[in-house]
Amino acid sequence: PLGAPILEVEGLSKSYGGVHAVSDVSFSVRAGEILGIIGPNGAGKTTLFNLLNGLVQPSQGSVRYEGQSLAGLRPSGICRRGIGRTFQVVRAFPRMSARENVVVGAFVAHGTDDAATRAADAALAQVGLSHRAGAAAGTLTNRELRLMELARALAAGPKLVLLDEPLAGLGSTDTEALIAVVRTLPSLGITVVIIEHSMPAMLGLVDRFLVLDNGRLLTEGPPQEVLRRPAVVEAYLGRK
Ligand code: ATP
């Protein structure tokens, strides 16, 4: 059962010179939902995440989280409010252990070393990576790195996580393992917004799709229905 809106985005825009990376985008996400964001390369998906977590300031528009505006907050402040995020390219400290890498994520929300370490260990357990906690990040497989990246976001205790292509570079077995972990998040009280190109993985995971194209919100709705819409088919297949 989905709850009240946890995130409300209204008229959000970001331009770089003449490029409208994100253009007048409005949508909301309900607590407990898994929302997929799809769209061709350059559609504005990552820029949208950068706007939501405060890495980039909007040219126009607003973001409300749990009913409160996030205007002017920096990424650390937004993280402390409860929005976590992973990145398309995992940047790990290769000689530090997986646990230490996750502790770095936990520090934003936890004041002491002890609390941050406990949160990191809990997050590593949530993603099934406890057995690799002591391994240097540089020795982890792709799948383990993706799980570590997810744990880093979870260690700050988010109620909403933004996952930017968490399956990139993974084969089908690893993809299924990652998806299985993502699917557990709503039952832990964590709402999910996920950017992902792998359509088979998304179809079995998300409650709803947002489709971005050229910075604009093309359409939204249940996965099977959205993929049949002519505008979506054209955005994916009708050009190039
Ligand atoms: P992909 O699927 O390839 O990751 P995307 O949907 O995430 O693409 P964005 O990376 O958000 O798309 O880019 C949207 C548009 O904004 C692109 O045209 C991109 O070149 C432009 N853009 C993004 N960031 C910047 C920036 N810092 N400076 C200038 N242009 C930018």
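See above for the structure.
None of the values given here were measured: they were computed from a predicted structure.

1. A short note on unusual backbone geometry
Phase 1 of the analysis: Even without a glycine there, the phi angle at D24 is positive, about 55°.
Phase 2 of the analysis: One can find D24 in strand β2 (residues 19–30).
Phase 3 of the analysis: What makes D24 partly exposed here is its relative accessible area of 48%.
Phase 4 of the analysis: Positive phi is not limited to glycine here, since E165 has a value of about 45°.
Phase 5 of the analysis: Here E165 lies in the loop between β7 (160–164) and α6 (172–184).

2. Quick notes on the nonpolar core
Phase 1 of the analysis: Among the nonpolar cores identified, the biggest contains 46 residues, and V102, V127, M148, L154, V161, V192 and I194 are the most heavily contacted of them.
Phase 2 of the analysis: When residues of this core are assigned to their parent elements, the largest contribution, seven residues, is made by helix α5 (residues 142–154).
Phase 3 of the analysis: Setting aside anything within four residues of it in sequence, one finds V192 in contact with E33, I34, L35, L160, V161, L163, V182 and L185.

3. As for empty space enclosed by the protein
Phase 1 of the analysis: Tallied over the entire structure, the rule returns one cavity of 30 Å³ or more.
Phase 2 of the analysis: Of the pockets and cavities examined, the largest cavity occupies roughly 50 Å³.
Phase 3 of the analysis: For the largest cavity, the full set of lining residues is T86, F87, R146, E149, L150, L163, P166, L178 and V182.
Phase 4 of the analysis: The set of elements that each furnish at least two residues to the lining of the largest cavity consists of α5 and α6.

4. What about the side chain of T219?
Phase 1 of the analysis: Following the sequence through the fold, T219 ends up in strand β10 (residues 216–221).
Phase 2 of the analysis: Overall, T219 belongs to the buried group, its relative accessible area being 15%.

5. Considerations on the site of the ligand
Phase 1 of the analysis: The local shell around the ligand holds 13 residues, among which G42, G44, K45, T46 and T47 are the closest.
Phase 2 of the analysis: Between T46 and the ligand, the recorded distance is 2.9 Å, taken from a backbone N or O atom to an oxygen atom.
Phase 3 of the analysis: Contact distances for the ligand include 2.6 Å between an oxygen atom and a side-chain N or O atom of T47.
Phase 4 of the analysis: Here the ligand loses 60% of its free accessible area of 630 Å² to cover by the protein chains.
Phase 5 of the analysis: Looking at the shell around the ligand, the elements with two or more residues in it are β2 and α1 (45–52).
Phase 6 of the analysis: Broken down by element, the shell around the ligand gets its largest block of residues, three residues, from α1.
Phase 7 of the analysis: Looking at the shell around the ligand residue by residue, the class counts come to five nonpolar, seven polar and one charged.

6. Some details on the pattern of salt bridges
Phase 1 of the analysis: Per the stated rule, a full pass over the model turns up nine salt bridges.
Phase 2 of the analysis: Among the ionic pairs, D121 bridges to R99, the shortest N-O distance being 2.7 Å. Of the two residues, D121 sits in helix α4 (residues 113–126) while R99 sits in helix α3 (residues 98–107), which places them 22 residues apart along the sequence.
Phase 3 of the analysis: Note on D121: relative accessible area 28%, which makes it partly exposed.
Phase 4 of the analysis: Three or more residues joined by partner-sharing salt bridges are found here, namely E33, R208 and E220.

7. Some remarks on the packing of α3 against α5
Phase 1 of the analysis: As a packed pair, α3 and α5 sit with axes 7 Å apart at the nearest point and diverge in direction by 35°. In the packing of α3 onto α5, the handedness of the crossing is right-handed. Taking contact as the criterion, the partners of A98, N101, V102 and G105 in α3 are, on α5, M148, A151 and R152.
Phase 2 of the analysis: Looking at side-chain class alone, the contact of α3 with α5 contains four nonpolar, two polar and one charged residues.

8. Here we look at the sheet that holds β10
Two modes of strand pairing occur in sheets, parallel and antiparallel, and in both the strands are linked by backbone hydrogen bonds.
Phase 1 of the analysis: Spatially, β6-β7-β8-β3-β9-β10 is the arrangement adopted by the six strands of the open sheet, whose pairing is mixed. Where the open sheet ends on each side, the last strands, each with one partner, are β6 (83–85) and β10. Each strand axis lies, on average, 20° off the axis of its neighbour in the sheet, ignoring direction.
Phase 2 of the analysis: Here α1 sits on the sheet and contacts β3 (34–38), β6, β7, β8 (191–195) and β9 (208–213); the angle it forms with β7, its principal contact strand, is near 150°.

Definitions and cut-offs
Residues numbered from 1 in each chain as written. Predicted model: local features only at pLDDT ≥ 70, side-chain atom pairs only at ≥ 80, totals over all residues. Heavy atoms only, no water. Helix = DSSP H or I, 4+ residues; strand = E, 2+ residues; numbered from the N terminus. Buried < 20%, exposed > 50% of the residue type's maximum accessible area, 1.4 Å probe, protein only. Core = buried A, V, L, I, M, F, W, Y, C linked by side-chain atoms within 4.5 Å. Contact = heavy atoms within 4.5 Å. 1 Å grid on protein atoms, 1.4 Å probe; cavity = no way out; pocket = protein on both sides within 12 Å on 5 of 7 lines; lining within 4 Å. Points joined across faces, edges and corners; volume = space filled by probe spheres on them. Near = heavy atom within 4 Å. Polar contact = N/O pair within 3.5 Å; in protein donor to acceptor, adjacent residues only side chain to side chain. Areas by Shrake-Rupley, 256 points an atom, 1.4 Å probe, with all protein chains shown as cover. Nonpolar A, V, L, I, M, F, W, Y, C, P; charged D, E, K, R; others polar. Salt bridge = Lys/Arg side-chain N within 4 Å of Asp/Glu carboxyl O. Axes fitted to C-alpha atoms, helices over the stretch in contact; angles between N-to-C directions. Left-handed = near helix turned anticlockwise from the far one by under 90°. Pairing = 2+ DSSP bridges.

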